[in-house]
Amino acid sequence: MSRPLVVGNWKMNGLRADSAARVNALLDGLREKPAAGVDVAICPPFTQLALVGSQLEGAPVALGAQDCHKAERGAHTGDTSPEMLSDAGASYVILGHSERRRDHGEIDETVREKAVAAAKAGLTPIICIGETEDQRQSGETESVLGWQIKGSLPDGFTGVVAYEPVWAIGTGLAATSEDIEATVGFIRAELVRQFNESGKTLRILYGGSVDAGNAGSILAIPNVGGALVGGASLKPDAFLSIIHAAPGA
Ligand SMILES: O=C(CO)COP(=O)(O)O
């Protein structure tokens with residue numbers, strides 16, 4: 001098993017002052033109590049990448065972004081290329097988050113194209129998949145996830161998959177350990193079925209209302225290789241507790 005990965009997705013939160021303070025508190029906490037066995041990344045909004053990137057230089061925390069365009073450069077007003085992210089110091093990029101699928105109509109094919117471009121620029125894509133409450137209620141979870149994996153992950157994918165049930169995001173209602181174990185087990189099997197050997201090595205994160213209280217039990221679930229944390233990543237104490245709850249911290 002690879003080292004656990006804990007990623008903070010700040011979403012559309014962070015002005016200069018609070019971003020800098022949040023990163024300082026995180027780095028102070030990790031100096032006080034290191035988490036040498038855990039990979040940690042934070043994904044601030046685009047406007048804070050440069051500032052946060054400069055704070056993270058030499059620190060045991062990687063920088064990530066929350067989206068990218070599929071093209072290297074050109075006439076795409078308002079967009080950001082993978083190369084620009086890499087140039088800003090990012091090593092990860094979240095792709096296909098359900099909020100982008102919801103707000104921007106992003107579809108699996110777009111996510112796959114972005115993942116190819118991101119990998120080409122040296123970024124590790126974190127591809128998000130997950131079912132909605134309606135899909136869960138109608139027993140479609142596995143078929144939805146199977147299609148998302150098939151549609152969003154490029155051939156030879158070597159990045160990270162994040163299972164984020166849409167109904168668990170920002171609700172304070174994480175999926176139960178039993179549900180996570182069963183669904184992540186299904187995702188693992190599906191990755192192996194669709195990607196053969198490389199499917200065995202892909203990291204699978206869980207995301208959706210991960211907090212200081214539930215992180216220990218979630219991160220101990222078989223096949224869960226880390227967490228993608230939204231709201232709690234904005235609170236340094238909570239985010240540090242989650243990092244320290246990871247196996248090997
Ligand atoms: O969407 C998420 C991370 O990408 C999860 O958000 P919350 O941790 O706020 O539920």
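Remember, it's a predicted structure, so these values are computed and weren't measured experimentally. Residue numbers restart at each chain and count upward from 1, following the sequence in its written direction. Given that the model is predicted, a residue must reach a pLDDT of at least 70 before its local features are reported, and side-chain atom pairs must reach 80 or more before they are shown or counted; all residues, however, enter totals for whole chains, interfaces and linings. Only hydrogens and water are set aside; all other atoms, that is, all heavy atoms of the structure, feed into the side-chain values.

1. Side note on the layout of surface pockets
And step 1. Grid points spaced at 1 Å over the protein atoms alone were grouped into cavities, where a 1.4 Å probe fits but cannot get out, and pockets, open sets with protein on both sides within 12 Å along at least five of seven lines, with lining residues defined by an atom within 4 Å of a point. Grid points are joined across faces, edges and corners, and a volume is the space filled by probe spheres set on the points. Of the volumes computed, that of the largest pocket is approximately 490 Å³.
And step 2. Looking at the largest pocket, it is lined by 20 residues, and the ones nearest its centre are Phe46, Gln66, Asp67, Arg100 and His104.
And step 3. With four residues, helix α4 (residues 98-104) is the largest single contributor of residues to the lining of the largest pocket.
And step 4. Along the lines of polarity and charge, the residues of the lining of the largest pocket split into six nonpolar, eight polar and six charged. A run of H or I in DSSP becomes a helix once it reaches four residues, and a run of E becomes a strand once it reaches two; helices and strands are each numbered from the N terminus. Under the grouping applied here, Gly and all other residues not named as nonpolar or charged are polar, the nonpolar ones being Ala, Val, Leu, Ile, Met, Phe, Trp, Tyr, Cys and Pro and the charged ones Asp, Glu, Lys and Arg.

2. Quick word on the site of the ligand
And step 1. Throughout this document, a residue counts as near a molecule or strand when at least one of its heavy atoms sits within 4 Å of that molecule or strand. Taken together, 13 residues surround the ligand, and among them His97, Glu164, Gly170, Ser209 and Gly231 come closest.
And step 2. Two N or O atoms form a polar contact when they lie within 3.5 Å of each other; inside protein one atom must be a possible hydrogen donor and the other a possible acceptor, and for residues adjacent in sequence the pair counts only when both atoms belong to side chains. Within the contact set of the ligand, an oxygen atom lies 2.9 Å away from a side-chain nitrogen or oxygen of Glu164.
And step 3. A distance of 2.6 Å separates an oxygen atom of the ligand from a polar atom in the backbone of Gly170.
And step 4. The accessible surface values rely on the Shrake-Rupley method and a 1.4 Å probe; as for residues, cover is taken only from the protein chains in view. Bound to the protein, the ligand loses 95% of the 310 Å² it would expose on its own.
And step 5. For the shell around the ligand, the residue count by class is four nonpolar, seven polar and two charged.

3. Considerations on empty space enclosed by the protein
And step 1. The final tally for this structure, using the stated rule, is one cavity of 30 Å³ or more.
And step 2. As for the largest cavity, its lining consists of Trp10, Arg22, Leu26, Ile42, Ser233, Pro236 and Phe239.
And step 3. Elements represented by at least two residues in the lining of the largest cavity include exactly α1 (16-32) and α11 (236-245).
And step 4. Here the lining of the largest cavity is built from residues that sort into five nonpolar, one polar and one charged.

4. Details of the UniProt feature "active site" (unreviewed entry) in the chain
And step 1. Under the feature "active site" (unreviewed entry), the UniProt entry names His97 and Glu164. For the annotated residues, spread through 68 residues, the largest C-alpha to C-alpha distance comes to 8.4 Å, consistent with a single compact locus. Cross-referencing the annotated residues with the largest pocket identifies His97 as lining it.
And step 2. As for its placement among the helices and strands, His97 is situated in the loop between β4 (90-95) and α4. UniProt positions are given in the numbering used here, feature names are shortened, and annotations may be inferred rather than shown by experiment.

5. Topic: the environment of Asn13
And step 1. Of note, Asn13 is situated in the loop between β1 (5-9) and α1.
And step 2. Considering only alpha carbons, one finds Asn13 and Met84, 71 residues apart in sequence, at a separation of 21 Å.
And step 3. Looking at Asn13, its side chain comes within polar contact range of the main-chain oxygen of Trp10, at 2.8 Å.

6. Looking at the side chain of Asp67
And step 1. Examined against the element boundaries, Asp67 turns out to sit in the loop between β3 (62-65) and α3 (82-87).
And step 2. Burial status follows relative accessibility: with a 1.4 Å probe on protein chains alone, a residue under 20% of its type maximum counts as buried, one over 50% as exposed, and anything between as partly exposed. Classification of Asp67 by relative accessible area gives buried; the value is 5%.
And step 3. Polar contacts involving the side chain of Asp67 include one to the side chain of Arg100, which spans 3.3 Å.
And step 4. Only 2.8 Å separates the side chain of Asp67 from the side chain of Lys114, close enough to count as a polar contact.
And step 5. The residues contacting Asp67, other than those within four sequence positions of it, are Phe46, Leu85, Val93, Ile94, Leu95, Arg100, Glu106 and Lys114. In this description, contact between two residues means that some pair of their heavy atoms is separated by no more than 4.5 Å.

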